[in-house]
Amino acid sequence: DSIKERFNNYTTLINDNNLHHVVAINNGSSDFLYIDNVNVKVNNTQGNPTYSTGPLILGQRVGNTGPFPGVIDQFRFYNRALTVAEVAQLYNEQ
């Protein structure tokens, strides 16, 4: 499964016209989703997500139904899983 597919069932909407800090992590055995430094979703998984040699697309709605109707202010991609402390540090730096 891709990261998009793994978090596709997270259905809580954030629609309050405020910026939010969102972090998705895979550590090889679990996926974690943090919103504003709060762990809101954990999926137990087997291994790393699948990947594609195609382009990385940000800001597209699930199911390719059009562009994300918000703003992506900053984006970082790491080649390792962040720790809980690192997620908190990034949140506090914003």
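Each value, and the rule that gives it
- Residues numbered from 1 in each chain as written.
- Predicted model: local features only at pLDDT ≥ 70, side-chain atom pairs only at ≥ 80, totals over all residues.
- Heavy atoms only, no water.
- Patch = residues over 30% accessible without salt bridge, like charges linked within 9 Å, V, L, I, M, F, W, Y side chains within 5 Å.
- Areas by Shrake-Rupley, 256 points an atom, 1.4 Å probe, with all protein chains shown as cover.
- Salt bridge = Lys/Arg side-chain N within 4 Å of Asp/Glu carboxyl O.
- Helix = DSSP H or I, 4+ residues; strand = E, 2+ residues; numbered from the N terminus.
- Buried < 20%, exposed > 50% of the residue type's maximum accessible area, 1.4 Å probe, protein only.
- Pairing = 2+ DSSP bridges.
- Axes fitted to C-alpha atoms, helices over the stretch in contact; angles between N-to-C directions.
- Arc of directions from axis to C-beta.
- Contact = heavy atoms within 4.5 Å.

For this particular structure, what's the right way to read a nonpolar patch on the surface?
A cluster of nonpolar side chains, Leu56, Leu58, Phe68, Ile72, Phe75 and Phe77, forms an exposed patch at the surface whose accessible area comes to about 650 Å². You can see Leu58 is positioned in the loop between strand S3 (38-44) and helix H2 (84-93). Assessed through its relative accessible area of 42%, Leu58 is described here as partly exposed.

How should I be thinking about the sheet that holds S3 in this particular structure?
Working definition: the strands of a sheet are paired by backbone hydrogen bonds and lie parallel or antiparallel to each other. Reading across the sheet, the three strands line up as S1-S2-S3 and stay open at both edges, with antiparallel pairing between neighbours. The two strands at the open ends of the sheet, each matched to only one other strand, are strand S1 (22-26) and S3. Across the sheet, the mean angle separating the axes of adjacent strands is 15 degrees when strand polarity is ignored. Relative to strand S2 (residues 30-35), S1 runs antiparallel, the two sharing five bridges. In the strand pairing of S2, Ala24 is matched with Leu33.

It is not clear to me how H2 should be interpreted in this structure. Could you clarify?
Each turn of an α-helix holds 3.6 residues, which means side chains three or four residues apart point in the same direction. Those residues of H2 that fall on the buried side of the exposure criterion are Val87, Ala88 and Leu90. The arc that holds the buried residues of H2, viewed along the axis, is 160 degrees, so those residues lie on one side. Opposite the buried face of H2, at more than 90 degrees from it, the exposed residues are Ala85 and Asn92. In this fold, the buried residues of H2 make contact with S1 and S2.

Interpretation note: all reported values are geometric properties and have no functional meaning in isolation.
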